[in-house]
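For reference, the chains in residue letters:
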Amino acid sequence: MAKKRATATRSKGAGQAARTAEGAAVPVVGAREPCPCGSGRRYKACHGREAAHAVTELVRRPFEGLPGECDWVALRELVPAATVQLTLKEPLPEGVPSVTLGTVLPMAWPGLRRDTGAVLLGLQSDTASGDISRDLADTLGRALTAEPGNPVEGRRPSPAGPRLQDLLDLDAPFVPEVHSGFEYWLEDAETATGEVAASLERANQAAIPTVRLTGVDAAYWCETPEKNHLRWVMPHPEEALLDAMARLHAAGASSLGEGTRLVGSFRAHGLTVPVWDLPVGMGADEVEKPAAAFGERLAETLGRTEPLTAEERRARSGFTNRQITLS
């Protein structure tokens, strides 16, 4: 079932430290401690109130500015098992050979430092603030200094703390590797026994088979018992994309071939995700060419600016009525 989350626009003060009237930064302290500004009130009743608001204010596009924003959204919301090797702006600390993003980690941990010192960062873990990017950056920072062999628990980050955009190399490629199961949890999954092996088997059985298409960006095929689907995270502004999809649908050009149907869309982290139903038995390889052809039609249609016709408006209305907000 899709998760519905409230949406809001990030306020001007979100992500900024609380400040005094003179502009000096107020350090973050315990909620019941005296506020460092000297007001005589407790922190939570003084500048802590502003800091808490900044932390909880929702950032609509938390992955904006990162390479592969659409894939970040897909891995957060749609893909059961996948990993990506992350490159930091600064050199890795001594004893940390690598940093890997995973969709889900064992026990839903936000982060994990392996015995080898390698760091795993869980993308689908619960977050404590309104900015997933800041939550993940906080977890990453703590994982880099955690003792090997230990998980990293979730916590509310400082509103002045770094975001992923501050920590990751923005010129490095973001290339997801989709897996059929969660063997990446273990460094040697083949030797797993007992409860560890049983837990891994249960997780693998619940994972929906998923494949990332190679001919277009951020499009993911998945297989379910009743029908297959293509879910394609797109970077275009929502209103322009909905207009273009309506034009194509009214012209009979929105399908991916015989037996396929554009059925609606998700809205996730500020981006739109059109969804197609596919016939059972239609594999990812068979979707590659029609998806690429649709991408070309869409690119041409996005450039049109004339008003929608009555038929196109009806198509757009039907399309938006079937839109589900995931975040």
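No experiment lies behind these values; they were computed from the predicted model shown. (Residues numbered from 1 in each chain as written. Predicted model: local features only at pLDDT ≥ 70, side-chain atom pairs only at ≥ 80, totals over all residues. Heavy atoms only, no water.)

Quick notes on the sheet that holds strand E12 (residues 323–325)
Across the sheet, which stays open at both edges, the 6 strands sit in the order E7-E8-E9-E11-E10-E12 with mixed pairing between neighbours. Sheet topology places strand E7 (210–212) and E12 at the edges, where each strand pairs with a single neighbour. Here the average twist between neighbouring strands, direction ignored, is 25°. Of the strand pairs in this sheet, strand E9 (residues 228–232) and strand E11 (residues 271–278) are connected by 4 bridges, and their pairing is antiparallel. Of the residues in E11, the one forming a bridge with Leu230 is Trp276. Contacting strand E10 (261–268), E11 and E12, helix H6 (residues 238–250) crosses the sheet at an angle of about 25° to E11. (Pairing = 2+ DSSP bridges. Helix = DSSP H or I, 4+ residues; strand = E, 2+ residues; numbered from the N terminus. Axes fitted to C-alpha atoms, helices over the stretch in contact; angles between N-to-C directions. Contact = heavy atoms within 4.5 Å.)

Things to note about the pairing of strand E2 (residues 99–102)
On E2, burial covers both faces: Val99 and Leu101 on one face and Thr100 and Gly102 on the other are all buried. Bridge analysis of E2 against strand E4 (residues 119–122) gives 4 bridges, and the strand direction is parallel. The residue of E4 that forms the bridge with Gly102 is Gly122. (Buried < 20%, exposed > 50% of the residue type's maximum accessible area, 1.4 Å probe, protein only.)

Side note on helix H3 (residues 132–145)
Between the first and last C-alpha of H3 there are 21 Å, a value that for 14 residues agrees with the 20 Å anticipated at 1.5 Å per step. Within H3, 11 of the 14 residues are buried, which leaves it mostly tucked inside the rest of the structure. Buried within H3 we find Ile132, Ser133, Arg134, Asp135, Leu136, Ala137, Asp138, Thr139, Leu140, Ala143 and Leu144. Those residues of H3 hidden inside the fold are in contact with helix H2 (69–77), E2, strand E3 (111–113), E4, strand E5 (150–152) and helix H4 (164–167). Between the side-chain oxygen of the N-cap and the backbone nitrogen of Ser133 there are 3.1 Å, and the N-cap of H3 in question is Asp131. (Expected span 1.5 Å × (residues − 1). Polar contact = N/O pair within 3.5 Å; in protein donor to acceptor, adjacent residues only side chain to side chain.)

Topic: the confidence of the model for the protein
Here the protein averages 88 in pLDDT, and 87% of its residues register 70 or above. In the model, residues 1–17 has pLDDT below 50 throughout and makes 40 contacts with residues more than four positions away in sequence or in other chains. (pLDDT = per-residue confidence, 0-100.)

Brief notes about the pattern of salt bridges
All chains considered together, the criterion is met by 16 salt bridges. Of the charged contacts in the structure, one is a salt bridge between Asp138 and Arg155, with a shortest N-O distance of 2.9 Å. Remark: Arg155 occurs in the loop between E5 and H4 and Asp138 occurs in helix H3; sequence separation between them is 17 residues. Among the charged side chains, a salt-bridge network with shared partners connects Arg247, Arg304, Glu306 and Glu312. (Salt bridge = Lys/Arg side-chain N within 4 Å of Asp/Glu carboxyl O.)

Describing a negative patch on the surface
Taken together, the side chains of Asp115, Glu187, Asp188 and Glu190 define an acidic patch exposed on the protein surface. Structurally, Glu190 is set in the loop between strand E6 (177–178) and helix H5 (194–206). Using a relative accessible area of 80% as the deciding quantity, one classes Glu190 as exposed. (Patch = residues over 30% accessible without salt bridge, like charges linked within 9 Å, V, L, I, M, F, W, Y side chains within 5 Å. Areas by Shrake-Rupley, 256 points an atom, 1.4 Å probe, with all protein chains shown as cover. Lys, Arg positive; Asp, Glu negative; His and termini not counted. Charge placed at Lys NZ, Arg CZ, Asp CG, Glu CD.)

Observations concerning the sheet that holds E4
Strand order in the open sheet made by the 6 strands is E5-E3-E4-E2-E1-E6, with mixed pairing throughout. Here the strands that pair on one side only, and so sit at the sheet edges, are E5 and E6. Bridge analysis of strand E1 (residues 82–86) against E2 gives 4 bridges, and the strand direction is antiparallel. Each bridged residue has a counterpart across the sheet, and for Val84 the counterpart in E2 is Leu101. The sheet contacts of H3 involve E2, E3, E4 and E5, and relative to E4 the element is tilted by about 160°.

Describing the side chain of Asp138
Asp138 sits in the buried class, given a relative accessible area of 13%. Of note is the side chain of Asp138, whose polar atom sits 3.0 Å from the side chain of Arg142. What Asp138 contacts, discounting residues up to four positions off in sequence, is Arg155 and Pro157.

Details of the environment of Lys89
Turning to its location among the elements, Lys89 is positioned in the loop between E1 and E2. A sequence separation of 80 residues divides Lys89 from Asp169, and the C-alpha atoms of the two residues are 4.4 Å apart. In contact with Lys89, not counting residues within four places along its chain, are Gln165, Asp166, Leu167, Leu168, Asp169 and Leu170. At 3.2 Å, the side chain of Lys89 and the backbone oxygen of Gln165 are in polar contact.

Some details on the packing of aromatic side chains
We describe a pair of aromatic rings using the distance from one ring centre to the other and the angle between the two ring planes. Across all of its chains, the model carries 7 aromatic pairs by this definition. Ring plane angle 20° and centroid distance 5.4 Å describe the contact between Phe63 and Trp72, whose orientation is recorded as stacked. Across this residue pair, the class does not change: Phe63 and Trp72 are buried. Between Trp276 and Phe294, the ring centres sit 5.1 Å apart and the planes meet at 80°, which makes this aromatic pair edge-to-face. Taken together, the positions of Trp276 in strand E11 and Phe294 in helix H7 (residues 284–302) put the pair 18 residues apart, joining distant regions of the chain. With a relative accessible area of 0%, Trp276 lands in the buried category. Taken together through their ring pairs, the aromatic side chains of Phe63, Trp72 and Phe174 make up a single cluster. (Phe/Tyr/Trp six-rings, centres within 6.5 Å; stacked < 30°, edge-to-face > 60°.)

Describing the pairing of E4
Side chains of E4 alternate between two faces, with Val119 and Leu121 and Leu120 and Gly122 buried alike. Across 3 bridges, E3 lies against E4 in antiparallel orientation. Within E4, the residue paired with Arg113 across the bridge is Val119. Counting the residues in the hairpin turn of E3 and E4 gives 5 residues, including Gly117, whose phi is positive at 95°.

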